[in-house]
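Remarks on the overall topology
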Amino acid sequence: MTAPAIQPSDINLNDPERFQSGEFHELLRILRQHDPVHWNPPGEVSNGFWSITKYEDILFISRNPERFISSKGIAGPGIKPEKLAELDFAAQQQNAGGNASIITMDPPRHVKMRRLVNKGFTPRAVNAMEPEIRRITNEILDRVAHKGECDFVLEVASQLPLAVICGMMGVEQKDWPLMFELTNKVLGSGDPEYQTDVPEEERGTGAAARATALKGLQTMLEYFRGVLEDRRQRPRQNDLVTILLEAEVDGEKLTEGDILQFCFLLIVAGNETTRNAISGGLQVLCQHPDQKRQLIEDPSLMDSAVEEILRWTSPLHHMARTATVDVELRGKQIRAGDRILMWYPSANRDEDIFEDPYRFDIRRTPNDHLAFGIGEHFCLGAGFARKELKVMFEELFRRFPDIEVVGPPERLRSTFINGIKHMPVRFTPER
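What counts, and at which threshold
Residues numbered from 1 in each chain as written. Predicted model: local features only at pLDDT ≥ 70, side-chain atom pairs only at ≥ 80, totals over all residues. Heavy atoms only, no water. Pairing = 2+ DSSP bridges. Helix = DSSP H or I, 4+ residues; strand = E, 2+ residues; numbered from the N terminus. Contact = heavy atoms within 4.5 Å. Axes fitted to C-alpha atoms, helices over the stretch in contact; angles between N-to-C directions. Buried < 20%, exposed > 50% of the residue type's maximum accessible area, 1.4 Å probe, protein only. Polar contact = N/O pair within 3.5 Å; in protein donor to acceptor, adjacent residues only side chain to side chain. Parallel < 35°, antiparallel > 145°, perpendicular 65-115°, else oblique. Left-handed = near helix turned anticlockwise from the far one by under 90°. Nonpolar A, V, L, I, M, F, W, Y, C, P; charged D, E, K, R; others polar.

Going by an unreviewed UniProt entry, the protein chain carries the name Cytochrome P450 and comes from Tepidiforma thermophila.

Here we take up the sheet that holds strand E4 (residues 149-151). Taking strand neighbours across the sheet as the criterion, the three strands line up as E4-E14-E11 in an open arrangement whose pairing is antiparallel. Across the chains shown, the open sheet's two edge strands, defined by having one partner strand only, are E4 and strand E11 (404-405). In terms of strand pairing, E4 meets strand E14 (residues 424-426) through three bridges, oriented antiparallel. Considered in E14, the bridge of cysteine 150 is made with valine 425.

Before going further, it helps to spend a moment on the sheet that holds strand E1 (residues 37-40). The strand order E1-E2-E10-E7-E3 describes an open sheet built from five strands, whose pairing is mixed. One side of each edge strand has no neighbouring strand; the edge strands of this open sheet are E1 and strand E3 (68-69). Summarising the sheet, strand E7 (residues 318-323) and strand E10 (residues 339-343) pair through five bridges and their orientation is antiparallel. Residue pairing across strands places histidine 318 opposite tryptophan 343, the latter belonging to E10. Packed on one face of the sheet, helix H3 (residues 55-62) meets E1, strand E2 (49-52), E3, E7 and E10 and runs near 130° to E10.

Considering the arrangement of structural elements, one finds asparagine 138 in helix H8 (residues 130-144). Judged by relative accessible area, which is 15%, asparagine 138 ranks as buried. Here arginine 398 takes part through its side chain, which lies 3.3 Å from a polar atom of the side chain of asparagine 138. Aside from chain neighbours lying at most four places away, what touches asparagine 138 is Glu395, Arg398 and Arg399.

Let us look at the pairing of E7. A large share of E7 lies buried, amounting to six of its six residues. Of the two faces of E7, the one carrying His318, Ala320 and Thr322 and the one carrying Met319, Arg321 and Ala323 are both buried. Across two bridges, E3 lies against E7 in antiparallel orientation. Paired with phenylalanine 68 across the bridge in E7 is alanine 323.

The next point concerns unusual backbone geometry. A cis amide bond links proline 107 to the next residue, proline 108, at an omega of 5°. Inspection of the secondary structure assignment puts proline 108 in the loop between helix H5 (89-97) and helix H6 (109-118). The residue asparagine 238 is not glycine, and still its phi comes out positive at about 60°. Residue placement: asparagine 238 occurs in the loop between helix H12 (206-233) and helix H13 (240-246). Overall, asparagine 238 belongs to the exposed group, its relative accessible area being 68%. Despite not being glycine, serine 314 shows a phi value in the positive range, around 40°. For serine 314, the location among the structural elements is in the loop between helix H16 (302-313) and E7.

Here we take up the side chain of glutamine 291. The topology assignment puts glutamine 291 in helix H15 (residues 289-297). Glutamine 291 sits in the buried class, given a relative accessible area of 7%. A polar contact is formed between the side chain of glutamine 291 and the backbone nitrogen of isoleucine 362, at a distance of 2.8 Å. Setting aside anything within four residues of it in sequence, one finds glutamine 291 in contact with Leu285, Phe360, Asp361 and Ile362.

Right, let's get into the environment of proline 177. Assignment of secondary structure puts proline 177 in helix H11 (residues 176-187). Residue classification places proline 177 among the exposed positions, given a relative accessible area of 53%. Sequence separation of proline 177 and isoleucine 267 is 90 residues, and the distance between their C-alpha atoms is 12 Å.

Take the packing of helix H10 (residues 159-169) against H11 next. At their nearest, the axes of H10 and H11 sit 10 Å apart, and the two run at 110° to each other. Looking at the two axes, H10 sits roughly perpendicular to H11. With respect to the hand of their crossing, H10 and H11 are arranged in right-handed fashion. Side by side, H10 and H11 meet where Leu162, Ala163, Cys166 and Gly167 of the first sit next to Trp176, Met179 and Phe180 of the second. Residue composition of the contact of H10 with H11, by class: six nonpolar, one polar and no charged.

Structure below.
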């Protein structure tokens, strides 16, 4: 094996610019081949962490939730304990949100809480929603059809998952733009474009990211406090918020904090990652016109194309876990209390799992990617994401088969979300 151009010891995966520039795939490849269990030293404020880049190792960690827990945080390396009090960040988060979300719960409570909303995300529920998803998709395309060009992220890709999850939760349509804005603030908090509540000279700093995320969280939770009060007075049938209000775990009603965290998670997770898969999917299909042509000519390839889009785009860069016991992995000693980041784009290009992994192939089979994670925290909304991707590309290519990307996509500055903020496209307008 030849020596890498960049030494693993020089790679810092806590640098969001590496991800905004798109160079992260090469860094992950170097780690995968030369240092697959890689120690990333701490920063001024952040903890050090282990980067896990091999598919099988991510499976091992994901399938052992007792040894690798989520309740210490699932995004990023976390803040050094001695800095928490100084920043007063933990206290602010507690005041803003209170209870833990299911995504940061461990068994057995995680399983019980997840069951409360599972029936809204079953294959039967997803299939029942397909006509509505198709109707919404065409409404979205109708709004841009006459223009011949648009920002595909803002005007198309972001609109479908937002409409679906907001509809399931009974959020009024007039408030959908607010949900989009707050999702960007929370999940894109490290990107200066979304740091609008911070003085301009401070944007781009860690402090600005923390303030932006906190403001987005506070505003969204305050919004849903109003929704909860409305549902208490006027319950709705098959509305996720009403279901949560009426639900019990071990004979006890959920607290308001539990329900607010549920609402927060459903909104942000229900629209951000699918938006990025749709955007990234169109980008890669336009970069591979032969694959796009095959898909248009043979729509029966859509299911396998969706899986390859998910593998290729990997809309979530990582999930974090914390070790509860000492574990040796590939000769490295992970200590109890250490933070671990599982890098999904790396697993989804692992040469030991995927043949010719840097080739985009809509006929690829098998395609056991980890875009939705695996194990206890497998993505609750995976079925809806797949359905929305399939319907969007079916309708998009039926109506605008010549759609093309006409400028460089603008990527999100984030080590957590693998996203595109803006992407200009052109197509023949409908008359």
